[in-house]
Amino acid sequence: MNSKHNTENVPTPTASRPSRRHFLRQLASGVLVATGSVALWDRFAFAAELIRTPPQMEGPFYPDHLPLDTDNDLIIVSKSITPAVGAITHLSGRILDARGNPLKGAVIEIWQVDNRGVYLHSADSGNRERDKHFQGYGRFETGKSGEYRFRTIKPVPYPGRTPHIHVKVSKGNKELLTTQCYIKNEPMNARDGILMDIGDLRQRNSLIVPFEPIKKSRIGELSARFDIVLGFTPTV
């Protein structure tokens, strides 16, 4: 993520403003121009490229009793040696403010059904047997890079819903965003009313991410990258 400065062919202050295509080409190649009006244009152009992560409903099954173990590894509960059933997935990303700055000290929570489609909630798991080896909920506090990481399972369908992971971001005592994360190329997405209710196609697509096999993983682990862009710059 660290970019190298390239001082060759740096436009002078009298040069015309670079085109958006030129900017995107520079961004993709890691070239940063840091002089005068060009640097200002780069900063504004980058901000314009950010797609705000849309809010979504929390749903009825945010855990009504948090597990004793609330860390970012949902596969192993406390000191158990028995892992949860499901396709192990490493979910990661960054939390950014409206200007593209990483948000330090944000708490991100996730919760989802187990491999049997049961939530960690008495109204759901009270009537159906759930995987007791799946934590069902986890949280993580970001450092200065805004990065977060979870080890969980690939989400499975819930009656009437496409596979998804619930996500909530807070800072201090203020909730900043509640949303959901979906699987790219999942056929059920097109029939999910909550996902399809997002009118802005770019925002809708920002919630849908690839769950890709990790090369050389002997147990078929997956990796998913879900970056979150807040629609404002927090003051807390």
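The structure this text deals with has already been given above.
Only a predicted model underlies this, so the values are computations on that prediction, with no experimental measurement involved.

(A) The arrangement of the overall build of the protein chain in detail. Assigned secondary structure in the protein chain consists of 5 helices and 10 strands. Residues counted as buried form 44% of the 236 residues belonging to the protein chain. Across the protein chain, contacts joining residues at least 24 apart in sequence account for 72% of those joining residues at least 6 apart.

(B) A look at the sheet that holds strand 2 (residues 107-111). If you walk across this open sheet you meet the 5 strands as 3-2-5-6-7, and the pairing is mixed. Only two strands of the sheet have a single neighbouring strand rather than two, namely strand 3 (137-141) and strand 7 (208-209). Note that strand 2 and strand 3 share 5 bridges and pair antiparallel. Bridged to Val107 within strand 3 is Glu141.

(C) The arrangement of the pairing of strand 9 (residues 222-225) in detail. Taking every second residue as pointing to the same face, the buried face of strand 9 carries Leu222 and Ala224, while none of Ser223 and Arg225 on the other face is buried. As judged from the 4 bridges shared by strand 1 (residues 88-96) and strand 9, these two strands associate in the parallel manner. Directly across from Thr89, in strand 9, lies its bridge partner Leu222. As judged from the 3 bridges shared by strand 8 (residues 211-213) and strand 9, these two strands associate in the antiparallel manner. Its bridge partner lying in strand 9, Glu212 is registered against Ser223.

(D) Molecular detail of the environment of Ile81. Along the chain, the position of Ile81 falls in the loop between helix 2 (36-49) and strand 1. Take Ile81: its relative accessible area is 79%, and that puts it in the exposed class. Along the backbone, Ile81 and His133 are 52 residues apart, and their C-alpha atoms lie at a distance of 9.1 Å.

(E) Up close: the packing of aromatic side chains. Taken as a whole, this structure holds 7 aromatic pairs when the rule is applied. Arranged with centres 6.0 Å apart and planes meeting at 65 degrees, the rings of Phe61 and Tyr158 form a pair that is edge-to-face. With Phe61 in the loop between helix 2 and strand 1 and Tyr158 in the loop between strand 4 (147-153) and strand 5 (164-171), this pair connects stretches of sequence that are 97 residues apart. Looking at Phe61, the relative accessible area reads 15%, which means it is buried. Given the relative accessible area of 16%, Tyr158 is considered buried. Centre to centre, the rings of Tyr62 and Tyr137 are 6.2 Å apart; their planes meet at 85 degrees, and the pair counts as edge-to-face. Here Tyr62 is found in the loop between helix 2 and strand 1, whereas its partner Tyr137 is found in strand 3, with 75 residues between them in sequence. The exposure class of Tyr62 is partly exposed, given its relative accessible area of 21%. Through a chain of ring-to-ring contacts, the aromatic side chains of Phe61, Tyr119 and Tyr158 assemble into a single cluster. The positively charged end of Lys168 is found above the aromatic ring belonging to Tyr62, 4.5 Å away from the centroid.

About the criteria used
Residues numbered from 1 in each chain as written. Predicted model: local features only at pLDDT ≥ 70, side-chain atom pairs only at ≥ 80, totals over all residues. Heavy atoms only, no water. Helix = DSSP H or I, 4+ residues; strand = E, 2+ residues; numbered from the N terminus. Buried < 20%, exposed > 50% of the residue type's maximum accessible area, 1.4 Å probe, protein only. Contact = heavy atoms within 4.5 Å. Pairing = 2+ DSSP bridges. Phe/Tyr/Trp six-rings, centres within 6.5 Å; stacked < 30°, edge-to-face > 60°. Lys NZ or Arg CZ within 6 Å of the ring centre and 35° of its normal.

Everything listed here is a matter of geometry and, on its own, says nothing about what the molecule does.
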